[in-house]
Amino acid sequence: MSTATTDNNAVREHAVRKELFVDGYEVVIGIEIHCQLNTESKIFSSAPTDFGHEPNSQASIVDLGLPGVLPVLNAGVVDRALKFGIGVNAELGLFNTFDRKNYFYPDLPKGYQITQMANPIVGEGYIDVVVNEGEKNEYPKRMGITRAHLEEDAGKSVHDAVDGMTGVDLNRAGTPLIEIVSEPDMRSAHEALAYIKAIHQLVTWLGISDAVMAEGSFRCDCNVSVREPGAELGTRTELKNLNSFRFIERAINREIERQIDILEDGGQVLQATMLYDPERDETRVMRTKEDANDYRYFPDPDLLPVRIEQHTVDSIRAAMPELPVARRARFEEALGLSEYDARILTGSRQIADYFEAVVAEVGQADAKMAGNWVMGDLLGALNKDDKEITDSPISAKQLAGMLARIKDDTLSGKLAKKVFSALYEREGGDADDAADKIIEEKGLKQETDTGAIKAIVEEVIAKNQAMVEEYRGGKEKAFNGLVGQVMKASRGSANPQQVNQILKELLG
Amino acid sequence: MSELHLLSTQQLITGLQDKQFSSLELTEHYIKRIDALDNKINSFITHTSETARAQAKAADEMRAQGDQRPLLGVPMAHKDIFCTQGVLTTCGSKMLHNFVSPYDATIVSNIDKAGMISLGKLNMDEFAMGSDNSSSYYGTVQNPWNLERVPGGSSGGSAAAVAAGFVPVATGSDTGGSIRQPASFCGLTGIKPTYGRVSRFGMIAYASSLDQAGSMGRSAKDCAYLLQPMIGHDPRDATSIKYDMPDYVQDINDAEAAAGDKPFAGLRIGVAKEYFSAGLDAEVETAVRAALKKYEELGATIVEVNITDPEITLATYYMLAPAEASSNLSRFDGVRFGYRCENPTDLLDLYTRSRSEGFGPEVQRRILTGTYALSAGYFDAYYTKAQKIRRLIVKDFDEAFASCDVIASPTAPTAAYKLTDNLDPATMYLGDVYTIAVNLAGLPALSQPVGLTSEGLPVGLQLIGKHWQESQLLTTAHLFQQHTDHHLQHSAIAKETV
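## Considering the sheet that holds strand β13 (residues 282–288) of chain A
Residue and element names in this part refer to chain A.
Working step 1: Taken together, the 8 strands give an open sheet; going across it, the order is β5-β6-β9-β1-β10-β11-β12-β13, and neighbouring strands pair in mixed fashion. Every interior strand has two partners, whereas the edge strands, β5 (125–131) and β13, have only one. Ignoring strand direction, the axes of neighbouring strands in this sheet form an average angle of 30°.
Working step 2: Strand direction decides the pairing type here: strand β12 (residues 272–277) and β13, joined by 6 bridges, are antiparallel. Looking at β13, one finds that Ala 272 is bridged to Thr 288.
Working step 3: On the sheet, helix α3 (residues 189–205) packs against β1 (26–36), β5, β6 (139–152), β9 (176–182) and β10 (218–227) and is oriented at approximately 115° with respect to β5.

Have a look at this one:
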């Protein structure tokens, strides 16, 4: 990186940060994300990780913490964590170990949680994000990642199932998690949100997590503090278990306001764990530092250290998918897409894969056209039906087949919309050439025979003398009316360019 | 028939094969003895006589149909630290006074698969913490040699039951000497295998990095028979190691066949002066030195070795073991199984009273010690330092084994003492002074009887081997037993007929 660029970045950073000050205070945010890894069985037992079953039906004797049982590491979580580490450009913990975090809670069956404290599987890394993406004031920023480690999830206390008592559901106990700890690099709720969204996109892109926030498989804790510019870090509070993008932003902003209000009143922010109440839109103290546990971490003697061979890392790295940032850049450079289009088309790995499958059929020269159909018609229709691209009723090959008919002038834009609707309703079945079948069956072929079009045009001129006169009298709009009449007469099948041309010729 | 319980495992197998007696007759014989005599020594917590009879009948039928498994129909019993499906598993604690395990420990199912018949669950120090069985919720066990004496611990019930002739062999577990020390006190042979050799799955954890299950019997060969089905890799235990599978009995037989009148020619026995330290009872030392002399007469060479100062080792152990225990025992919280206090007022009350009422004083003492050692601010000074010393202990053993094949020492500094001696905990911990280094280093070790004191109490000699060398230990002890009769002495209770 040249000095000039560095300086520019510094200037820009400064300008951005100045903008971010709230009432003269600088906001500092660090984020911990608990992300469930999508293995079929749990991290230390063979019980399934399925969500939404009868309480305690997905927990084995290991998850229940019965006397004498022992944990055995599920190798699948190691691969997933390594993928994540590579994805955030991190140092990998090729020698990583498990520790016990000791505390008592009814949903923690063993009285300790197995986690990685001393030697995590993922060390320092970073992720590049775009803050306020798509807005006028968007800007890029690199967010540091301190570490990411493997751990087991706890169970759940159920407060409303048994009258006057609290039940415990251990279905979630032992579900594999990767806890991703950021550097305190975020300076606003927007930056926090951009970071969280980038991590969310990455883990789903890598296929290592379903990251469904509503099911708790992707949960965020935000550490928020404020300080006067240049001062030492302020006392932080931790906002726990934020589980929607919308609430994250609101909760952080409420907490910033709360802390500034305290400082402005001459008070001190106390270290505490906070809960956000979305209904009242306020943050509340859940527990203070005084209630904090001494977790008595120590190496778990039931689990051997995990030693990862370099060749394992090499083969995982070789099998890594192209990551969102790189793919977006390639879409812009190699396929000539606009920044906006490239962003939409890399919204998820599945969308990008679909789009590229279409491009593979129609050729790179028509990537822009393919992109327009995927973004506009297809994603629009899917969105309306609340479906993912993986549920698309139109396969990439079928869409490409339709695009080929646009290119060879069989379809006009208007006819193509009709074919698209028919494809979406699965009228062409499963066949790759479903578009051709629909065109054939519905007679949607564009008329390109000059003689035939000329005949229709002549007929329209004969029947619409009034309009012809208007046009000749200088009223340009009348021309469009005549075109419309021709199209109508041909039931939409006439090639519009040809109609224009012939009409102009005949009207002299 | 009256002396069936004095037969060796080998003789029992032969007797069953030759139809001198049936498994049911054998089982009835032992049940009769237990029913008549266990009130004197309290070695069983739970009897499984009815299922044992049914299993014995089935074993007889299988044998009649040509089933060749050597241990088919041979009785045994389990230390109550091993989970047994459908059977009360208490670990000697009030905390688990109502815990019927829904699953079998790996070694329990392995022994079951070998066709052995379990007569019940044996008394033990609570959660395996103790050296004289006095911490058991189910009461102390009396030493069958002398009812005023303790049987040792924590596998005190196992040792007493075998020494009393209630079972030919029994399982035990050894975290700091809990197989070897009671074997020594009760005149038995007991082996603690290499860490990782036997699955810990289903063995209720005391200190995970030190615990290892093993076998106890009246002779080395008896131990070998029971140990055989216990060993092997278990995918349910991450610390269980895949290693070549020896055949202990075969190895013993081969060695016996090859042995001349100097069976130990070429064997170098390491003796460390650190293992003959202050506090060693004179009569124990005499018996142990005499045994070493016998080994020499039979061809062995004695070489001097150095090992880590036992006092340092002792301190290291009593830092690490409680640290792990404090965490391992957290699951006993009154929430899901085991003892729960009555009418808890809130969650904290549920935890504190369930644990205060459910755990005995020794267990509470170690939980508190361990909690302290792991707590913020003390972790590095205690736990981390102890781990460093642990590595030095391993290194010292490696260096010692460069010049010898096995290391010999007294198993315990004294013979069995009286329960009324009321030792304070620190003094009692000294009883483990010769045994715990083995656990810290993960080595295999065995205790064998080498004589009696003037009061007629057994004395044990410990043999420590290199990693994975259980076979050598068993073979060495067996060949010694071919030339001596210490292991053939019987306790007072064993001599009683019913």
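## Here's the deal with the packing of aromatic side chains
All names here are of chain B.
Working step 1: Applying the stated criterion across every chain yields a total of 29 aromatic pairs over all chains.
Working step 2: Between Phe 185 and Tyr 417, the ring centres sit 5.9 Å apart and the planes meet at 85°, which makes this aromatic pair edge-to-face. In this pair, Phe 185 sits in helix α6 (residues 180–185) while Tyr 417 sits in the loop between β9 (406–410) and α14 (425–430), placing the two residues 232 residues apart along the sequence.
Working step 3: Ring geometry for Phe 332 versus Phe 359: centroids 6.4 Å apart, planes at 85°, classification edge-to-face. On the criterion of sequence distance, the pair formed by Phe 332 in the loop between α10 (310–328) and α11 (347–358) and Phe 359 in the loop between α11 and α12 (361–374) is long-range, its members being 27 residues apart.

## Here we look at the interface of chain B and chain A
Working step 1: Facing 38 residues of chain B, the contacting portion of chain A comprises 30 residues.
Working step 2: When chain B packs against chain A, close to 2,700 Å² is buried across both sides, 62% of that on carbon and sulfur atoms.
Working step 3: Of all residues in chain B, the largest losses of buried area upon contact with chain A belong to Ala 238, Arg 331 and Arg 336 of chain B, amounting jointly to 22% of the total for that side.
Working step 4: A salt bridge links Arg 200 of chain B to Asp 302 of chain A; the shortest N-O distance between them is 3.0 Å.
Working step 5: Our count for the chain B to chain A interface comes out at 16 residue pairs in polar contact (both at pLDDT 80 or more).
Working step 6: At the level of secondary structure, the elements contributing two or more residues to the side of chain B that touches chain A comprise α10, α11 and α12 of chain B.

Thresholds, definitions, all that
- Residues numbered from 1 in each chain as written.
- Chains lettered and ligands numbered in written order.
- Predicted model: local features only at pLDDT ≥ 70, side-chain atom pairs only at ≥ 80, totals over all residues.
- Heavy atoms only, no water.
- Pairing = 2+ DSSP bridges.
- Helix = DSSP H or I, 4+ residues; strand = E, 2+ residues; numbered from the N terminus.
- Axes fitted to C-alpha atoms, helices over the stretch in contact; angles between N-to-C directions.
- Contact = heavy atoms within 4.5 Å.
- Phe/Tyr/Trp six-rings, centres within 6.5 Å; stacked < 30°, edge-to-face > 60°.
- Buried area = accessible area lost by both parts, 1.4 Å probe.
- Salt bridge = Lys/Arg side-chain N within 4 Å of Asp/Glu carboxyl O.
- Polar contact = N/O pair within 3.5 Å; in protein donor to acceptor, adjacent residues only side chain to side chain.

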